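Chain by chain, the residues:
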Amino acid sequence: LKLVPAGEYTMGSPRREAGRRANESQRPVKLERRFYLGLREVTNAEFRQFRPEHRSGFILQQTLDLDRQPAVNVSWQDAAAYCNWLSAQEGLAPAYETKGGRLAPVTPVTNGYRLPTEAEWEWVARGAGGSLRKYPWGDALPVPAGAGNYADRSAQALVPLVIPGYDDGFAATAPVASFAQGPDGFFDLGGNVAEWTHDLYTVQPPATSVAVDPAATGDGGLRVIRGSSWKSSAVTELRLAYRDYGDGKRNDLG
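Report follows, based on the coordinates. In this convention, every chain numbers its residues from 1, walking through the sequence in written order. Reporting of local features is limited, given that this is a predicted model, to residues whose pLDDT is at least 70; pairs of side-chain atoms are given and counted only at 80 or more, and all residues count toward the totals for whole chains, interfaces and linings. Each side-chain value is derived from all of the structure's non-hydrogen atoms; neither hydrogens nor water enter the calculation.

### What to know about the pattern of salt bridges
Salt bridge, as used here, is a side-chain nitrogen of Lys or Arg placed within 4 Å of a carboxyl oxygen of Asp or Glu. On inspection of all chains with the given rule, the structure shows 19 salt bridges. Close ionic contact of Lys99 with Glu97 constitutes a salt bridge, the shortest N to O distance being 3.7 Å. Think of it in three bands: with a 1.4 Å probe and only protein chains considered, a residue is buried below 20% of the maximum accessible area for its type, exposed above 50%, and partly exposed in between. Owing to a relative accessible area of 42%, Lys99 belongs among the partly exposed residues under this scheme. For Glu97, a relative accessible area of 33% corresponds to the partly exposed category. One salt-bridge network, in which partners are shared between bridges, spans Glu118, Glu122, Arg126, Arg226 and Arg243.

The structure is reproduced here in structure tokens:
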């Protein structure tokens, strides 16, 4: 884990940004609360300490299940349960509680392990007060060599579209931290697998008032997913402002 500083930034993307989607409305955000974030994605080996029977699976002949590969095919509920297990190991207050047979965020936040809010995820991914970069590698295309694990020519048998001329050496998921860390020390915030966040998925209109430590909490079904993955090749998905959502398991989501 690494401590991330508090700060302010504009979340979302401008209307004329290439690849922008309608659910990326801009709003000013102020993070008053510092937080710790894992430097790497959670691996299969780490997740199996919590759930020994977990299997990330295969796609065609490509295994997703090696110890150092990121844990995938985990639901948001699985991820929240793992966070509570981590809290229990250290005697911390759980960040999720059971409501109606399902886990939901505890409010106000506790000192236990939890998923990052999407505002926290974007703050770190875009540079935590630095450049507020557009892509994980900077502000322009094409994707530079070695930038990360995206849909490259080695993945042609697995995905419908690939990045022309790009080859990262991994058809599906790569062992975590296989590529250079970002300027702030974190790995794979672009590429490899997308990440579950703490928030319920909502679509909000553009805002001018500052949101302080925003988090869309509750026990609804759809949760926010952030970041591109080994399946990503389009400008829309490669951008750090890209917002996805879901309620189930995927082989490119951890």
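### As for the nonpolar core
Looking at soluble globular proteins, one finds that nonpolar side chains tend to be buried together. In this description, a nonpolar core means a group of buried Ala, Val, Leu, Ile, Met, Phe, Trp, Tyr and Cys residues linked to one another through side-chain atoms lying within 4.5 Å. Ranked by internal contacts, the top residues of the largest apolar core, which has 18 residues, are Phe47, Trp76, Tyr96, Leu115 and Trp196. At the level of elements, α1 (44-50) and α2 (76-89) are the ones that each hand at least two residues to this core. In terms of residue count, the dominant contributor to this core is α2 (six residues). Residue contacts are counted whenever heavy atoms from the two residues lie within 4.5 Å of one another. Contacts of Tyr96, omitting those with residues within four sequence positions, involve Trp76, Ala80, Cys83, Asn84, Leu103, Ala104, Pro105, Val106, Tyr113, Arg114, Leu115 and His198. Of all hydrophobic cores here, the second largest spans 15 residues; its members include Phe35, Ala125, Phe186 and Leu189. Helical segments are the DSSP runs of H or I of at least four residues, strand segments are the runs of E of at least two, and each set is numbered from the N terminus.

### Considering the sheet that holds strand β2 (residues 7-11)
In this description, strands pair whenever DSSP reports at least two bridges between them. The sheet built from three strands is open, its strands ordered β2-β3-β10 with mixed pairing. Single-partner strands in this sheet number two, and they are β2 and β10 (211-212). Direction of pairing for strand β3 (residues 27-31) relative to β10: parallel, over a ladder of two bridges. Bridge pairing links Val29 to Ala211 in β10. A fitted line through C-alpha atoms represents every axis, and for helices the fit uses only the stretch in contact; the resulting angles, taken between N-to-C directions, go from 0 to 180 degrees. Against the sheet, helix α3 (residues 118-125) contacts β2 and β3, and its axis sits at roughly 95° relative to β2.

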